Amino acid sequence: MALATPITITVEQPIDRPLGQTMNEIRSWLDSKKIEPASFKPIVAGGGILFEIGFRSHHEAELFQQDFV
């Protein structure tokens, strides 16, 4: 069952890794699981970059969190 409000998971961009590499890893993971995120936002915060990814189900969010957080 899809949620009306997405579940948001936040991932920090490692400072020693190119931004594109992190985005490609996240996109490849999503594609491999056949998950289309409800939202995907890069955010500049405190001199670093975060990604906020919204999921439509708890199951999708938990799978993502296991591999990225």
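See the structure printed just above.
Residues numbered from 1 in each chain as written. Predicted model: local features only at pLDDT ≥ 70, side-chain atom pairs only at ≥ 80, totals over all residues. Heavy atoms only, no water.

For the overall build of the chain, give the residues involved together with the corresponding values.
Looking only at helices and strands, one finds two helices and three strands in the chain. The N-to-C order of helical and strand elements in the chain reads β-α-β-β-α. Taking 11 Å as the expected radius of gyration for a compact globule of 69 residues, we find that the chain reaches 12 Å, a close match to that expectation. The buried share of the chain, reckoned over its 69 residues, is 26%. Within the chain, contacts between residues at least 6 apart in sequence are counted, and of these 61% link residues at least 24 apart. (Helix = DSSP H or I, 4+ residues; strand = E, 2+ residues; numbered from the N terminus. Rg over C-alpha atoms; globule rule 2.2 N^0.38 Å. Buried < 20%, exposed > 50% of the residue type's maximum accessible area, 1.4 Å probe, protein only. Contact = heavy atoms within 4.5 Å.)

Explain the nonpolar core residue by residue, including any values.
A general tendency of soluble globular proteins is for nonpolar side chains to be buried together. Ranked by size, the top nonpolar core spans twelve residues in total: Ile7, Ile9, Val11, Ile26, Trp29, Leu30, Ile35, Phe51, Ile53, Phe55, Ala61 and Phe64. Every element with two or more residues in this core is listed here: strand 1 (7-12), helix 1 (19-33), strand 3 (48-55) and helix 2 (58-68). Aside from chain neighbours lying at most four places away, what touches Trp29 is Ile35, Glu60, Leu63, Phe64, Asp67 and Phe68. (Core = buried A, V, L, I, M, F, W, Y, C linked by side-chain atoms within 4.5 Å.)

Shape is all these values report; function is a separate question.
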